[in-house]
Amino acid sequence: MSPAVRAVAARLAHLLVVLALVSLAATLMLDLTPVDPAIVMLGEQATPEQVAQVHAALGLDRPFLARYANWVAGLLTGDFGTSYRTKVDVLDAILAALAVTGELIVLSLLVALAVSIPIGILTAHHRDDWFDRLWVVVSSALVSCPPFVSALVLVFVFALLARDWPVHFPATGWTAFTADPLDNLWHAALPVVTLALVLVPNFSRVLRSDLVATLDDDFVLFAKAKGLPMRRVLLRHALRPSSLSLVTVAGISIGQLMGGAVVVEVLFGLPGLGQLLVNAITLNDLPLVQGAVVFIAAVYVAANAAVDLCYRVLDPRLRVAHGVVA
Amino acid sequence: MTIEVAVTAPDEVTPAGKRSFAVWLAIAWVAVVVLAAVCAPILPLRPVDEIVDGLDPRLAPFSSWTEPLGTDSIGRSTLSRLVFGARQSMLVGTVAITAALVCGLVIGVCAGYVRRAVDRVTGVVVDAVLAIPPLVLLLAIAAVGRRGAGTIALGLAVVCTPSIARLARAQTLQLAARPHVTASRSLGATGLRIVVRDLLPEVALRIAPYAFLLMAYVIISEASLNFLGLGVPPPTPSWGGMINDGRPYLADEPWLVFVPSLTILLTVVSFTVLGDRFRSWLDEREGSR
Amino acid sequence: MSLLEVRGLSVRFRAAHAVRGVDLDVGAGECLALVGESGSGKSVTARALLGLLPPTAEIAGRAVFDGIDLQITSGRRSPVVGSRLTTVFQDPMRALNPVLRIGDQITEVLRLHAGMSRAAARVRAEELLAAVGMADPGRRLRAYPHELSGGMRQRVCIAIAIACRPALVLADEPTTALDVTVQRQILDLVDELRRASGMAMVLITHDLAVVAGRADRVAVMRAGEIVESGPTRDVFTAPRHPYTAALLDAVPRIDGPRAAAVVEGSAVEGVR
């Protein structure tokens, strides 16, 4: 095996162990909860016989490991179980909700990058100028702002105050993209901006500090000595070698976005994974909680693995598995 | 070369004067919040669930002498709910972070010093916890536990421990290679003695600034959970809960939302500023050695 | 009239006075060696002419290149930089962009300054690589810098420098970072290219062994000032300044022990 293949294999093995642990913890969680699923399904007035019957039907009378093995076997064949409450298939519910959350996450990543790349370049190129100093203050305020607060400010200004303005945005509701793309984007606007605001300070700061280092590199100086206009020096020569940290942070931020999406979806009434999770928790619908948590973890882990691949595209030096010239 | 010497002179982003002003403001605000939280029961405040006589519900701040911050959606005192909310928030945060610091330090220092199997196992467990987005993990823990402050504190401790463990491990690896540690080992000190005498105090000091930054994070998370209605059950006051209560009145009585929002924002910013300052102070101390 | 005429060039970084009142003349087709130990202000001089100093540098003086004022005090780079007036850096490991192919790094100069089409620039880039002595230039165009050796990278840098047929190349320690065996090859290549095209060159170096037999004239720098200048032969046989004599003594010779003479006062005293 070449070192590159071995490195990828080791990483995959690590991921599998991590996912196995997550799923084990998710099952254990259900064992530890004081909530009895039979009571959830039947209501408080259920007789002991009925309860026992449900326990048998759900396989709850079997030992823990047997239930875990059974559940994992189900996962591998795409069977995440059925909801205690609505009796719908858990995977179907998750996939339907994923369409909404996925759109929010992708759009807010794009918006965040579109805003923070120019800001990062500007603040790195004109470091210590007034804009750079101002941005330090603005971004530390943004970082400290919980998403539900910024969402409420946005709703207050762009949905409520703007009621009589020619343009205003809906405070709640959702239209599927397939039904009406324009209306879909209209409803997605405020939630996406809320989520993007969480990312922009971090993104721009990371890009700025990498760019500042790169701009002092000899190859940037040499590019200037070639007589290239500053625009080209920044965009073509400096940006790409400075974007590794940004890509890392963008990858990690998918987890942050999943968390932010929970709040935003509840606040704006969007039928996404977060809304699904919160409803399932409120209703003690444990298979749905378990399935959603494991699913989110899997997506998150996969996203982080994808980030590793991005490095190789961005920096050809990393394509050689070893013997990288410093 | 000349050019390098001259160019690498560090430029401060913010002048020292402005920075220390911000630090003093942050210290002042944190002191106010912590004092209010600690002294809440002995302060001359109305009970949190008493509806104030003679005042309208949703009274705007600064429009009454008896209730300077106005009243909430059903006419309770905003000020006393804010103060008891601070008590709730600070208590949960302190408990969670203390627990996370203790667990994270022990795990991280052991993993970093013993290495081998301990490192492998803790590494995988830490990765597994980090594989779940923090707020989702928090929700999952809230789902199985009883609604209340205890569950939130436990959840936050679980969420914060892995990152502390990672930091502690990295610092331990660095410190264990230092001459004084290798020296005491060659003088026959036992592993436990080295860990307790040489490593733990130094690693703890280096991680301390991080506790402030985590406090900021914990306040946001606790507020988010309460905002989602999955935190402490009503009528116990909490900052996130107050914002959630005020939401229906956002259009006409926005202060119901924005007074607690501003409180959260100020507190989070202050803890972040303190953590950053503490960290750069430690860096300077390290650099001047 | 000389090709490059520098009068009273001074550069300071805050308290540090890196270059103090330097006058330089380079005639067309001439090779001037700018000699001095590190920190003496040679590189800062070159970078000031190219407009590559950071904004924190305070520059004074005047430089005229080929009849055009370079406006070195304006903080902007003159339009001749990169086409008529080019440079080669010390460390080819760091001068090439690690994430762009060699071909793109050469052709961008041609397309910008000579207005060539993509295809024409590619043909010319291949010729250039052949001219700097690289085998299989067509394949090299697609290589990334990390796939080439140090000597080959410096050849690429030279190809970029001569791409637009410059009148003057400022070569800033072009061989210092290379292996001894490669140093010689690169210097010979530069010499040959210079003689063939009739371009002028300023060869910045701390190594007097490099200068002999290549430079027409020598200027010796110390602590930001030019302490001696003249035809190479004169300076080498009869140095007038004790510092020059000390530098000459420091050159290792086969026939004697290496003599490291010390001149009172450090060259870097002006810097911190």
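Note that the structure is a prediction, hence the values are computed from the model and not measured. (Residues numbered from 1 in each chain as written. Chains lettered and ligands numbered in written order. Predicted model: local features only at pLDDT ≥ 70, side-chain atom pairs only at ≥ 80, totals over all residues. Heavy atoms only, no water.)

Chemist: Describe the overall build of chain B, listing the residues and the values that go with them.
Modeler: Helices and strands together make up the secondary structure of chain B, namely 10 helices and zero strands. Along chain B, helices and strands appear, N-terminal first, in the series α-α-α-α-α-α-α-α-α-α. Once the C-alpha set of chain B is aligned to its principal axes, its extents read approximately 75 × 55 × 35 Å. Relative to its full complement of 289 residues, chain B shows a buried share of 48%. Pairs at least 24 residues apart make up 71% of the contacts formed inside chain B by residues separated by at least 6 positions. Approximately 13,600 Å² of chain B is accessible, and the part contributed by carbon and sulfur atoms is 67%. Across chain B, the mean location of the 24 positive side-chain charges is 12 Å away from that of the 21 negative side-chain charges. (Helix = DSSP H or I, 4+ residues; strand = E, 2+ residues; numbered from the N terminus. Buried < 20%, exposed > 50% of the residue type's maximum accessible area, 1.4 Å probe, protein only. Contact = heavy atoms within 4.5 Å. Areas by Shrake-Rupley, 256 points an atom, 1.4 Å probe, with all protein chains shown as cover. Lys, Arg positive; Asp, Glu negative; His and termini not counted. Charge placed at Lys NZ, Arg CZ, Asp CG, Glu CD.)

Chemist: Please set out the overall build of chain C residue by residue, giving values where relevant.
Modeler: On a plain count of helices and strands, chain C comes out with 10 helices and 10 strands. By the compact-globule yardstick of 19 Å for 272 residues, chain C fits well, its C-alpha radius of gyration being 19 Å. By principal-axis analysis of the C-alpha atoms, chain C measures approximately 55 × 50 × 35 Å. Residues counted as buried form 54% of the 272 residues belonging to chain C. For chain C, the exposed area adds up to about 11,900 Å²; of that, 50% sits on carbon and sulfur atoms. Separation between the mean location of the 33 positive side-chain charges and that of the 30 negative ones in chain C comes to 6 Å. (Rg over C-alpha atoms; globule rule 2.2 N^0.38 Å.)

Chemist: Quick one: what's the story with the nonpolar core, residue by residue and with numbers?
Modeler: Grouped together as the largest cluster of nonpolar side chains are 154 residues, with contacts concentrated most on Phe148 of chain A together with Leu139, Leu228 and Trp239 of chain B. In terms of residue count, helix H8 (residues 191–227) of chain B provides more of this core than any other element does, 15 residues in total. Each of domain 1 (3–77) and domain 2 (90–319) of chain A contributes no fewer than three residues to this core. If we skip the residues at most four places from it in the chain, Phe148 of chain A touches Val263 and Leu267 of chain A together with Ile220, Ala223, Ser224, Phe227, Ile243 and Ile264 of chain B. Leu9, Val109, Leu129 and Val156 of chain C belong to the second largest nonpolar core, which has 91 residues in total. (Core = buried A, V, L, I, M, F, W, Y, C linked by side-chain atoms within 4.5 Å. Domains from an automatic or database assignment.)

Chemist: How would you sum up the interface of chain B and chain A? Please name residues and give values.
Modeler: Taken together, the contact pairs 39 residues of chain B with 43 residues of chain A. In this assembly, chain B packs against chain A so that about 3,600 Å² is buried in total across both faces, 79% of it on carbon and sulfur atoms. Joining chain B to chain A, the criterion identifies zero salt bridges. Where chain B meets chain A, there are one residue pair in polar contact (both at pLDDT 80 or more). (Buried area = accessible area lost by both parts, 1.4 Å probe. Salt bridge = Lys/Arg side-chain N within 4 Å of Asp/Glu carboxyl O. Polar contact = N/O pair within 3.5 Å; in protein donor to acceptor, adjacent residues only side chain to side chain.)

Chemist: Quick one: what's the story with the layout of surface pockets, residue by residue and with numbers?
Modeler: Gaps between atoms show up when a probe of the same size as a water molecule is rolled over them. Residues and elements named next belong to chain A. A volume near 740 Å³ is recorded for the second largest pocket. Leu58, Leu60, Trp71, Tyr84 and Gln290 are, among the 27 residues lining the second largest pocket, the residues nearest its centre. Among the elements of the structure, helix H1 (3–32), helix H2 (37–42), helix H3 (48–58), helix H4 (64–76) and helix H13 (286–314) are those that each provide at least two residues to the lining of the second largest pocket. Among the elements that take part in the lining of the second largest pocket, H4 stands out by supplying four residues, more than any other. Here the residues of the lining of the second largest pocket sort into 11 nonpolar, 10 polar and six charged. (1 Å grid on protein atoms, 1.4 Å probe; cavity = no way out; pocket = protein on both sides within 12 Å on 5 of 7 lines; lining within 4 Å. Points joined across faces, edges and corners; volume = space filled by probe spheres on them. Nonpolar A, V, L, I, M, F, W, Y, C, P; charged D, E, K, R; others polar.)

Chemist: Lay out the sheet that holds strand E5 (residues 68–69) of chain C in plain terms, naming residues and giving numbers.
Modeler: Residues and elements named next belong to chain C. Overall, antiparallel pairing links the four strands, which are arranged E2-E1-E4-E5 in an open sheet. Edge positions in the open sheet fall to strand E2 (16–26) and E5, since each of these has one partner strand only. As judged from the eight bridges shared by strand E1 (residues 4–13) and strand E4 (residues 57–65), these two strands associate in the antiparallel manner. Looking across to E4, one finds that Ser10 is bridged to Ala60. Set on the sheet, helix H1 (residues 42–50) makes contact with E1, E2 and E4; between it and E1 the angle comes to about 110 degrees. (Pairing = 2+ DSSP bridges. Axes fitted to C-alpha atoms, helices over the stretch in contact; angles between N-to-C directions.)

Chemist: Any details on the UniProt feature "domain: ABC transporter" (unreviewed entry) in chain C? Residues and values, ideally.
Modeler: Per the UniProt record, "domain: ABC transporter" (unreviewed entry) is annotated on residues 4–248 of chain C. Split by type, residues 4–248 of chain C is 37% helix and 27% strand. Its first and last C-alpha atoms lie 27 Å apart. (UniProt positions renumbered as here; feature names shortened; annotations may be inferred.)

Chemist: Quick one: what's the story with helix H6 (residues 149–176) of chain B, residue by residue and with numbers?
Modeler: Its 28 residues give H6 of chain B an end-to-end C-alpha distance of 38 Å, which sits within 8% of 40 Å, the value for a rise of 1.5 Å per residue. Of all the bends in H6 of chain B, the largest measures some 30 degrees and sits at Thr161 of chain B, one to four residues before the proline Pro162 of chain B. (Expected span 1.5 Å × (residues − 1). Bend = angle between axes of the 7 residues up to and from the residue.)

Chemist: Tell me about the environment of Asp218 of chain A, and name the residues and values.
Modeler: Residue and element names in this part refer to chain A. Within the secondary structure layout, Asp218 lies in helix H9 (residues 218–225). The class for Asp218 is buried, based on a relative accessible area of 12%. Here the alpha-carbon distance between Asp218 and Ala297, two residues 79 residues apart in the chain, equals 42 Å.

Chemist: For a nonpolar patch on the surface, give the residues involved together with the corresponding values.
Modeler: Taken together, the side chains of Trp130, Leu134 and Val138 of chain A make up a nonpolar region of the molecular surface, amounting to roughly 320 Å² of accessible area. Note on placement: Trp130 of chain A falls in helix H6 (residues 130–143). (Patch = residues over 30% accessible without salt bridge, like charges linked within 9 Å, V, L, I, M, F, W, Y side chains within 5 Å.)

Chemist: Could you give an account of the pairing of strand E10 (residues 225–231) of chain C, with specific residues and numbers?
Modeler: Residues and elements named next belong to chain C. Where strand E9 (residues 217–222) and E10 come together, six bridges link them in antiparallel fashion. By the bridge assignment, Met221 is partnered in E10 with Ile226. The turn joining E9 and E10, which pair antiparallel and follow one another in sequence, is formed by two residues; a positive phi near 50 degrees is taken by Ala223.

Chemist: Can you lay out empty space enclosed by the protein for me, pointing to particular residues and giving the numbers?
Modeler: All names here are of chain B. Applying the stated criterion across every chain yields a total of eight cavities of 30 Å³ or more. Computed from the structure, the largest cavity encloses a volume of approximately 100 Å³. In this structure, the largest cavity is lined by Leu69, Asp72, Ser73, Thr78, Arg81, Met242, Asp245, Gly246, Trp255, Leu256, Val259 and Pro260. At the level of elements, helix H3 (78–114), helix H9 (239–246) and helix H10 (255–287) are the ones that each hand at least two residues to the lining of the largest cavity. Class assignment for the residues of the lining of the largest cavity results in six nonpolar, three polar and three charged.

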